[in-house]
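Per-entry structural report
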Amino acid sequence: MSTQRIDPLVQVETTCRALLNELQIIWEEVGETDADRDEMLLELERECVEVYRRKVDQANHSKAHIRQTIADSEAELAAICSAMGERPVHIRQSDQNIGSLKEELRKILSQVEEMKKRKEERRNHFIDVLDQIEMIRNEINGSTESVSSETVVDETETDLSLMRLEELHRQLHELLKEKSNRLKQVQEHLNTLNSLCSVMGMDFKLTATEVHPSLGDSEGSRSISNNTLEQLGIEINKLREVKIQRMERLQDLATTMLELWNLMDTPIEEQQKFQNVTCNVAASEHEITEPNTLSDDFINYVEEEVSRLEDLKSSKMKEIILKKRAELKEISTKTHLIPDTQLEDAIEAIDSGVVDAATILEQIELQIAKVKEEAFSRKEILEKVEKWLAACEEESWLEEYNRDENRYNAGRGTHLTLKRAEKARSLVNKLPGRVEALTSKIMAWEEERGSEFLYDGTPVLSMLEDYANLREEKEQERRRLRDQKRLQGQLIAEQEVLYGAKQSPPKPQSAKKGSKQCTGVPSTKKVALGGPMLQARKLDSVNSPRISQTRSNKKTEFMLQNDAIPASPAFKRGQDIADAPFRKHPSNGVNANEIESQLKTIPTNDPSNNTMTPLKTISSVDEENRKPKAMHSTASVQMQTDITPPPTLQTSLVEETHEEMEQSFEEKRLALMHSDKQIPSMIQV
Amino acid sequence: MTSVHPPPVPGRELSNPPTDGISNLRFSNHSDNLLVSSWDKTVRLYDASANVLRGEFMHGGPVLDCCFHDDSSGFSASADNKVRRIMFSHGKEEILGRHDAPVRCIEYSYAAGQVITGSWDKTLKCWDPRGASGQERTLVGTYPQPERVYSLSLVGNRLVVATAGRHVNVYDLRNMSQPEQRRESSLKYQTRCVRCYPNGTGYALSSVEGRVAMEFFDLSEASQAKKYGTFATGGCDGFVNVWDGNNKKRLYQYSKYPTSVAALSFSRDGRLLAVASSYTFEEGDKAHEPDAIFVRSVNEIEVKPKPKYMGSE
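Worth saying up front: this structure is predicted, and the values here are computed from it rather than measured. (Residues numbered from 1 in each chain as written. Chains lettered and ligands numbered in written order. Predicted model: local features only at pLDDT ≥ 70, side-chain atom pairs only at ≥ 80, totals over all residues. Heavy atoms only, no water.)

1. As for the overall build of chain B
Across its full length, chain B carries three helices and 26 strands. Counting all 313 residues of chain B, 55% fall into the buried class. The long-range share in chain B, meaning contacts at least 24 apart out of those at least 6 apart in sequence, stands at 41%. For chain B, the accessible area works out to roughly 14000 Å², and carbon and sulfur atoms hold 49% of it. (Helix = DSSP H or I, 4+ residues; strand = E, 2+ residues; numbered from the N terminus. Buried < 20%, exposed > 50% of the residue type's maximum accessible area, 1.4 Å probe, protein only. Contact = heavy atoms within 4.5 Å. Areas by Shrake-Rupley, 256 points an atom, 1.4 Å probe, with all protein chains shown as cover.)

2. Quick notes on a positive patch on the surface
Residue and element names in this part refer to chain A. Together, Lys384, Lys387, Lys430 and Arg434 line one region of the surface with positive charge. Those elements that place two or more of their residues in the positive patch are helix H12 (357-403) and helix H13 (414-449). Here Arg434 lies in helix H13. (Patch = residues over 30% accessible without salt bridge, like charges linked within 9 Å, V, L, I, M, F, W, Y side chains within 5 Å. Salt bridge = Lys/Arg side-chain N within 4 Å of Asp/Glu carboxyl O. Lys, Arg positive; Asp, Glu negative; His and termini not counted. Charge placed at Lys NZ, Arg CZ, Asp CG, Glu CD.)

3. Some details on the pairing of strand S19 (residues 202-207) of chain B
Residues and elements named next belong to chain B. Along S19, six of the six residues are buried, which leaves the element largely enclosed by surrounding structure. Because side chains alternate across S19, one face comprises the buried residues Gly202, Ala204 and Ser206, and the other comprises Tyr203, Leu205 and Ser207, equally buried. Relative to S19, strand S18 (residues 191-196) runs antiparallel, the two sharing five bridges. When the sheet's bridge partners are listed, Val194 is paired in S19 with Leu205. Hairpin remark: S18 followed by S19, antiparallel, with five residues in the connecting loop; positive phi at Gly200, about 75°. Pairing between S19 and strand S20 (residues 212-216): five bridges, direction antiparallel. Among the inter-strand pairings, Ser206 is bridged to a residue of S20, identified as Val212. (Pairing = 2+ DSSP bridges.)

4. Overview of the UniProt feature "repeat: WD" (unreviewed entry) in chain B
Mapped onto this numbering, the UniProt entry gives "repeat: WD" (unreviewed entry) at residues 96-128 of chain B. Across residues 96-128 of chain B, the secondary structure splits into 0% helix and 64% strand, with the terminal C-alpha atoms separated by 9 Å. (UniProt positions renumbered as here; feature names shortened; annotations may be inferred.)

5. Quick notes on the confidence of the model for chain B
Per-residue confidence for chain B gives a mean pLDDT of 87, with 89% of residues at or over 70. As a predicted assembly, this complex carries a pTM of 0.39 together with an ipTM value of 0.89. (pLDDT = per-residue confidence, 0-100.)

6. Some details on the UniProt feature "coiled-coil region" (unreviewed entry) in chain A
Residues and elements named next belong to chain A. Listed under "coiled-coil region" (unreviewed entry) in the UniProt record, and renumbered for this structure, are residues 91-122, 162-196 and 460-487. In residues 162-196, the share of helix is 100% and the share of strand is 0%. The end C-alpha atoms are 50 Å apart. Each end of residues 460-487 is marked by a C-alpha atom, and these two atoms are 40 Å apart; helix forms 100% of the span and strand 0%.

7. What to know about the packing of helix H7 (residues 226-264) of chain A against helix H10 (residues 296-334) of chain A
All names here are of chain A. One can describe the packing of H7 onto H10 by two numbers: an axis separation of 10 Å at closest approach and a directional angle of 30°. Accordingly, the angle class assigned to the pair H7 and H10 is roughly parallel. Here the hand of the crossing between H7 and H10 comes out left-handed. Taking contact as the criterion, the partners of Arg246, Arg249, Leu250, Leu253, Thr256, Met257, Leu260, Trp261, Leu263 and Met264 in H7 are, on H10, Asp296, Phe298, Ile299, Val302, Glu303, Glu305, Val306, Leu309, Glu310, Leu312, Lys313 and Lys316. (Axes fitted to C-alpha atoms, helices over the stretch in contact; angles between N-to-C directions. Parallel < 35°, antiparallel > 145°, perpendicular 65-115°, else oblique. Left-handed = near helix turned anticlockwise from the far one by under 90°.)

8. Overview of the nonpolar core
Residues and elements named next belong to chain A. With 50 residues, the main nonpolar core has Leu193, Met257, Val277 and Val302 as its most contacted residues. Within the residue set of this core, elements represented by two or more residues are helix H2 (34-84), helix H3 (101-141), helix H5 (162-199), helix H6 (204-211), H7 and H10. Looking at which element gives the most residues to this core, the answer is H7, with 12 residues. Those residues in contact with Val302, other than ones at most four positions away along the chain, are Leu250, Leu253, Met257 and Val277. By size, the runner-up hydrophobic cluster in this structure holds 19 residues, among which are Val385, Ile442, Leu464 and Tyr467. (Core = buried A, V, L, I, M, F, W, Y, C linked by side-chain atoms within 4.5 Å.)

9. Concerning H3 of chain A
Its 41 residues place the ends of H3 of chain A 56 Å apart at the C-alpha level, agreeing with the 60 Å of an ideal helix rising 1.5 Å per residue. Downstream of H3 of chain A by one or two residues, Gly142 of chain A has phi in the positive range, about 75°. (Expected span 1.5 Å × (residues − 1).)

10. A look at the interface of chain B and chain A
Frequently, the measure chosen for interface size is the accessible area removed from exposure when the parts meet. Every contact between the two is made by 24 residues of chain B and, on the other side, 18 residues of chain A. Both sides together, the interface formed by chain B and chain A hides about 2200 Å², and carbon and sulfur atoms give 58% of it. Among the residues chain B hides against chain A, the three largest losses belong to Trp39, Tyr189 and Phe281 of chain B. Together they make up 27% of the total. Summed over the shared surface of chain B and chain A, the number is four salt bridges. The closest approach of N and O atoms between Arg148 of chain B and Glu667 of chain A, which form a salt bridge, is 2.7 Å. Of the residues that constitute the side of chain B that touches chain A, the class distribution is 11 nonpolar, four polar and nine charged. (Buried area = accessible area lost by both parts, 1.4 Å probe. Nonpolar A, V, L, I, M, F, W, Y, C, P; charged D, E, K, R; others polar.)

11. A few points about the sheet that holds strand S9 (residues 92-98) of chain B
Residue and element names in this part refer to chain B. One open sheet holds the four strands; their spatial order is S6-S7-S8-S9, and the pairing between them is antiparallel. Each edge of the open sheet is held by one strand with a lone partner, namely strand S6 (63-70) and S9. In this sheet, neighbouring strand axes are inclined to one another by 25° on average, regardless of whether the strands run parallel or antiparallel. Summarising the sheet, strand S7 (residues 73-78) and strand S8 (residues 82-87) pair through five bridges and their orientation is antiparallel. For Ser76, the partnering residue across the bridge sits in S8 and is Arg84.

12. A word on the packing of H12 of chain A against H13 of chain A
All names here are of chain A. Close contact between H12 and H13 brings their axes to 8 Å; oriented N to C, the two are set at 145°. Between H12 and H13 the crossing geometry is left-handed. Considered class by class, the residues forming the contact of H12 with H13 number 17 nonpolar, two polar and 11 charged.

13. Considerations on the pattern of salt bridges
Under the counting rule described, the total for this entry stands at 45 salt bridges over all chains. Residue Asp47 of chain B pairs with Arg54 of chain B through a salt bridge whose shortest N-O separation is 3.1 Å. When its relative accessible area of 14% is taken as the criterion, Asp47 of chain B is described as buried. When salt bridges with common partners are traced through the structure, they connect Glu167, Arg170 and Glu174 of chain A into a single cluster.

14. Here's the deal with H12 of chain A
The end-to-end C-alpha distance of H12 of chain A is 59 Å, clearly below the 69 Å that 47 residues give at a rise of 1.5 Å each. Taken as a whole, H12 of chain A carries its principal kink of about 55° at Lys379 of chain A. (Bend = angle between axes of the 7 residues up to and from the residue.)

15. Description of the side chain of Ser277 of chain B
All names here are of chain B. Looking at where Ser277 falls in the secondary structure, it is placed in strand S25 (residues 272-277). Assessed through its relative accessible area of 0%, Ser277 is described here as buried. A polar contact of 3.4 Å, which involves the side chain of Ser277, links it to the backbone nitrogen of Thr259. Excluding its chain neighbours within four sequence positions, the residues that come into contact with Ser277 are Tyr257, Pro258, Thr259, Ser260, Pro290, Asp291, Ala292 and Phe294. (Polar contact = N/O pair within 3.5 Å; in protein donor to acceptor, adjacent residues only side chain to side chain.)

16. Focus on the environment of Thr33 of chain A
Residue and element names in this part refer to chain A. Structurally, Thr33 can be placed in the loop between helix H1 (8-30) and H2. Assessed through its relative accessible area of 41%, Thr33 is described here as partly exposed. Looking at Thr33, its side chain comes within polar contact range of the side chain of Asp36, at 3.0 Å.

17. What about the environment of Arg308 of chain A?
With respect to the helices and strands, the residue Arg308 of chain A is situated in helix H10. In this structure the side chain of Arg308 of chain A is engaged in a polar contact, spanning 3.2 Å, whose partner is the side chain of Glu270 of chain A.

This is the structure we're talking about:
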């Protein structure tokens, strides 16, 4: 008997039967009716049925649940598989009855688990790739904000297929390539930057860090963003431009230096020092790669050298200019020309930098050439002028000599002076002819050159005219004296006749007087005449006929008195004749008159002057004696030929204004104001 | 130096006259504004009919001449060698340019739109006042003169310049490269003043002797001159005379002013005559009456020429 393995069911049944028996017993005891017993038994049965039903329901439920779970799992699996782009592994076949539901469930769950795992893996891959992509993209865009990950994630839920993964891998790969390209680019740029900085003596690290902090660091990851690349590009271009600028500047300096070296023949040793600069004179930008060849310091150094050279050049030029100026002065003085003051002023102004030394040098050279040419053309006439001046000196010497009473006395050297006098006399005789010849020569020269012939600033023609006029005056004077003497002689003779002989007239005295009055003080300085004086003289000759006519007159006069008192004109100075009795204020009066008449551009063409030639000379003498101090013999003549009798007011007014310049009331008032201002300041001092 | 009150002179004396000699005065072409330049280094602007000082402008030196541009601005010529534009409304002046010596006279030409100045540096300069300040921009041209410029006057396109040494140059403003005519004063003494006739046929020239010469640009005009032809002259004798140029007669003489008449100006309509009574230093530095400006109304009878015989003109 196998009572050990008691079937639980049998056991339960046995328990049920026992319980039923027990129940029967109880009922027996209780005395339940049969109907009640049956009812109770029925209820018992019903309750049992209920319990069975409940259990069956539960079992059904759980079966349905399992089925549901399976379906869910299948759906999930399908979803996962579709998301992963794979065909669903488990296809539910309706006729398949592989095993029990639980088995199926188990299988499906495990499949789902597996897929879930795979999906998770896949998902991780995706996330990984996407992260990397995002990172690189950020690096490239230079932004730190992450691309919205939600979309990515969403996408990740729906599409986890291998295709997409491959796609993403491909993107990543491209991005990685891009990144490495950029890194290479950045490196290249940094290299360029480095080279530029080294050439120009700039700090590379500083410059790089300025563009982006990560670039200065040689280790560590570098920024590859668009912005960085752009900035790098800009910075490089900027530096390149600076480099070109500096290079051009240096090349300019080098060219200048070469020019200056050439100009000043600088020794080779000095030039060698700057070999590295001049060798690059024609280089182009990319050829210059040596460090510090374009640094600020270096360029300044070269600049300084160039400026030093230029200073040297200008000082040398100045030397040359001064030398040339001396040369010009010498030539001018030799040919008795007055040097150009404008040039002098310009030379003085060199230092102030207003005028350019090179232009002045040019001007001086031109001037020298001009003066040389002029000197050459003047040579012949100049010689003659000097001969004439020498002759005039001799003339005045002769005058003095003639006044010397003791000239014929024997003494040491007398014979020499006699000889000199002889020579002088012959010279003086030839003078008029010479003067005429010289005058015509000068006139021809002036006509040809179109300008006056000046001797130390004075036109020679006017000097000659003056000389001629002076001679004329002297002649007239002498003639007048002679006339006077003659008259006196006549008078005395008459008196003698009437009253007997008297003392002889003081002949030598008057002669002396006459000659004294005829001569002027022999001037040591030959050619010192003021402008206005000459102008005044000139006007005289304007009134009188041309010089040639005067000359002829003088010639005739001259021949008349060949044996008489020798002609003794000398150069008349303004104040020289002050001692002459009837020329009290000749110069002032003369000048005033003539200046005034000069101011009137209408020439005083007085007919009386021109008609009577014999009287002409006398009348011009009288004209000069403006103040009507009576001149005994000539008073009548004066009245006839007095030309322009101006009111005294006019003369005094004009003479006054001649002393100073003409001034208006306002000018005088202003001058007074200024002098008033000065006096108080002087007092204060 | 105050003297007994002088006998009343015709005309109303302007208040706030300059404190030193008056060099010139002018009426404006548009109103009764009077511009007065003075040796006290100021230029003053008066409203002559209202007798009010409207403005006073300081300069660096005595002001020798002044002229109007319009009622808002004018120009001045000063002994500190500078030519200035004066802006009345802004109450300030600015330098237009400079000469090398005191600027003696200044005129504004409406025809050419330029300021013309004459100076003792023997030049005439023309300026364009519309340019910015600064000589480089405003100077139109410099024209050398034979001597220091003493006076100048404009009419239409003609400019007459009188200099020391009795030179007179006549220019056409449209061609300043050289004078239209180079003349010499027909008077024997230093030229004092030159003024063109408003009808543009010629000019009047006066000398320090006290004479006035009437000249014509074109000699044929001399025979044709007609019309009013009257002008006023003021002398150092203190009298203002009105003359008939055609008949060469004096029409009227106003009562004597306290001291020399330094300047005269008729208003634009000829109703008013401004007289500057201010010693002009013709006899050097000496005590003199205070400088004053008198504005009198002008009666037609004083300035209209008397007909030679009835029924003429």
